[in-house]
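Survey of secondary and tertiary structure
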Amino acid sequence: MSEQTATDAPSGEMAEQPRKTKPGKFTPPTFSKILESEISGMEGHPLVLEVNVKGTPLPQVQWFREGAPIQNNPAFTADQTGEVCTLVIAEAYPEDSGNYTATAANFYGSQSCQANVTVKGKDDPGYIPPPPASNGPAVLPDTPLPPPPANVQPTSGLLDDLPPPPPEEERKGPDAAVRMQQTRVTDEYHDRLRNPPPVQQEASATGTLKVQEKKAAYVKQSTPVARAARTQARDREDLRGVAEKNYRPNFVQVPEETNAKEGGLVRLDCKVTGLPSPDLVWYREGSPLRQDSNHRMIVRENGVHSLLISQCKASDAGDYTCVSTNKAGQAEFTVTLNILVEAQSVAPTWVQKLKNTTVKEGEHVRIFCTAAGDPVPYAIWKKDGIGLTEKSGYRLGTDGQGTFFLEVDHASKADATWYTCSAHNQAGSIMCTGKIVVQSPWESQKPQQTKIKTPKRYANLPVDMRASHQTKTAMMNESGQAEDL
């Protein structure tokens with residue numbers, strides 16, 4: 001607001017003009033005056049933090065100390081007059097030091113500024129004690145008061161409402177009530193001489209004069225009684241702040257993605273902080289978990305929460321979410337659990353076993369067998385109970401699908417024996433045997449069989465066998481005839 005507007009305002013107060021804005025034009029909060037980054041004060045002195053804020057609609061300012069909102073009480077007073085916002089500490093103490101934040105907000109946004117406030121104590125160098133204060137009626141000196149300073153003019157209007165100090169003979173009158181009234185007036189006159197507020201013409205913005213008058217009024221609240229009241233109120237606020245201070249949950253330890261074998265034990269550990277102590281709930285794929293024989297939720301002495309899954313199954317795989325909640329808010333995290341499921345094994349079975357094979361000496365011979373199983377079995381060959389390898393002179397092989405073979409390029413009598421093939425996988429093993437028969441050239445000729453159509457008993461026997469039988473029969477007959485003789 002311009003200086004001319006402030007001068008034309010009614011005497012004794014500044015007229016606040018309405019802010020003219022275009023219809024529908026709104027702006028977020030901005031600070032035209034922010035807090036200094038470092039603010040110093042002294043114990044026992046008043047301390048004022050002041051910001052100027054703009055925005056449409058006019059933002060509301062909230063003050064915070066160390067992140068906690070400040071409520072009006074005898075020790076702290078927050079005030080907003082138009083765009084001028086102040087936080088007055090009537091009597092600062094070293095424990096009032098800290099980080100102070102002013103946050104301006106309206107429907108279209110918010111903005112903050114901060115200051116680090118340091119209050120020097122009585123033992124700190126450079127400390128200046130506050131002006132002395134009286135507790136009750138003041139005892140006036142016998143000497144008359146000094147005249148008003150030259151910088152305070154009667155035309156300012158600030159001392160017009162006070163009568164001049166009474167003469168000395170009236171102050172010594174017998175009427176106590178009159179004397180107390182005289183003392184009050186004299187104290188006010190003396191206080192204004194000591195700390196004269198700025199004149200009205202120095203105000204350049206709406207509400208500035210009111211703020212400065214309030215600063216002067218807070219200085220008067222420095223009597224021992226007032227200090228004791230403010231100290232008690234401050235202690236009550238501190239105790240209530242400690243009791244009501246809440247911190248939202250914060251996870252300081254969370255598990256990483258976990259892989260586990262089927263049937264094993266899984267443990268998911270996390271650690272959370274917050275005040276009051278948060279409550280934890282576990283979810284799997286969005287559904288809450290309930291404790292049972294395989295799922296347990298425990299809390300150890302060091303504050304670590306654990307989710308234990310015993311004898312985990314494939315159905316336990318998925319995303320697990322832990323939600324921590326207290327009255328100040330909530331926090332959560334999600335971790336993935338992978339269950340490594342081993343394939344179901346099937347023991348080998350024979351599709352085709354080894355067969356006995358007869359070959360001529362010097363010929364190529366090949367024997368084989370086929371087994372089925374999951375995983376595909378592997379084979380071990382033995383000859384007369386002794387394991388065979390490629391170096392044994394035999395060609396051993398497989399088609400990779402469960403068929404195993406043994407080959408001999410030139411069979412000999414040494415190869416004529418029993419062979420064993422055993423099929424193995426992790427689910428079991430089986431075995432089968434087969435014989436290779438190696439014949440010499442003369443052994444490969446089979447005797448001819450001549451069939452004689454006769455009703456006799458041995459008619460179908462080979463000729464040589466039948467002749468032998470007939471000879472034996474004749475000899476027996478002759479022997480019988482001899483006995484008869």
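Values in this document were obtained by computation on a predicted structure and should not be read as measured data.

Before going further, it helps to examine the overall build of the chain. Regarding its fold elements, the chain presents six helices and 27 strands. For the chain, long-range pairs separated by at least 24 residues make up 65% of all intrachain contacts whose partners lie at least 6 apart in sequence.

It is worth spelling out the pairing of strand E16 (residues 304–309) at this point. Across the six residues of E16, six count as buried, placing the element largely inside the fold. Where burial is concerned, the two faces of E16 agree: the one with Val 304, Ser 306 and Leu 308 and the one with His 305, Leu 307 and Ile 309 are both buried. Sheet topology note: the strand E12 (residues 266–275)/E16 ladder contains six bridges and is antiparallel. Bridge pairing links Asp 269 to Ser 306 in E16. Bridge count between strand E15 (residues 295–299) and E16: five bridges; the pairing is antiparallel. The residue bridging Arg 296 from the neighbouring strand is Leu 308, located in E16. The antiparallel pairing of E15 with E16 creates a hairpin that spans four residues between the two strands, and Gly 303 there sits at a positive phi of about 85°.

Read from one edge to the other, the open sheet built from four strands follows the order E1-E3-E7-E6, with strand pairing classed as antiparallel. The open sheet is flanked by strand E1 (27–33) and strand E6 (76–81), the only strands paired with a single partner. Taken pair by pair, the neighbouring strands of this sheet meet at an average axis angle of 25°, ignoring direction. Bridge count between E6 and strand E7 (residues 84–89): six bridges; the pairing is antiparallel. Directly across from Gln 80, in E7, lies its bridge partner Cys 85.

This brings us to the nonpolar core. Counting 23 residues, the largest nonpolar core has Leu 35, Leu 49, Val 51, Trp 63 and Tyr 100 as its most contacted members. Contact partners of Leu 35, with chain neighbours within four places excluded, come to Leu 49, Glu 50, Val 51, Trp 63, Tyr 100, Ala 102, Cys 113, Gln 114 and Ala 115. Counting residues in hydrophobic clusters, the runner-up holds 22 residues, among them Ile 367, Cys 369, Tyr 419 and Cys 421.

With that out of the way, let us pick up the sheet that holds E15. Where strands meet in a sheet, backbone hydrogen bonds hold them as pairs that are either parallel or antiparallel. Strand order in the open sheet formed by four strands is E10-E12-E16-E15, and the pairing between neighbours is antiparallel. For this open sheet the edge positions go to strand E10 (247–253) and E15, each flanked by a neighbour on one side alone. Sheet twist, expressed as the average angle between the axes of neighbouring strands with direction ignored, equals 25°.

On to the confidence of the model for the chain, then. Here the chain averages 75 in pLDDT, while 62% of its residues score no lower than 70. This stretch, residues 134–143, has a pLDDT under 50; its non-local contacts, to residues over four places away or in other chains, come to twelve contacts. Contacts for the low-pLDDT stretch residues 481–485, under 50 throughout, to residues beyond four places or in other chains number zero contacts.

All right, on to the pattern of salt bridges then. Considering all chains together, one arrives at six salt bridges under this definition. The salt bridge partner of Arg 300 is Asp 269, with a shortest N-O separation of 3.4 Å. A residue pair is termed long-range when its members are at least 10 positions apart, and Arg 300 in the loop between E15 and E16 and Asp 269 in strand E12 qualify at 31 residues. When its relative accessible area of 14% is taken as the criterion, Asp 269 is described as buried.

Cut-offs and rules
- Residues numbered from 1 in each chain as written.
- Predicted model: local features only at pLDDT ≥ 70, side-chain atom pairs only at ≥ 80, totals over all residues.
- Heavy atoms only, no water.
- Helix = DSSP H or I, 4+ residues; strand = E, 2+ residues; numbered from the N terminus.
- Contact = heavy atoms within 4.5 Å.
- Buried < 20%, exposed > 50% of the residue type's maximum accessible area, 1.4 Å probe, protein only.
- Pairing = 2+ DSSP bridges.
- Axes fitted to C-alpha atoms, helices over the stretch in contact; angles between N-to-C directions.
- Core = buried A, V, L, I, M, F, W, Y, C linked by side-chain atoms within 4.5 Å.
- pLDDT = per-residue confidence, 0-100.
- Salt bridge = Lys/Arg side-chain N within 4 Å of Asp/Glu carboxyl O.

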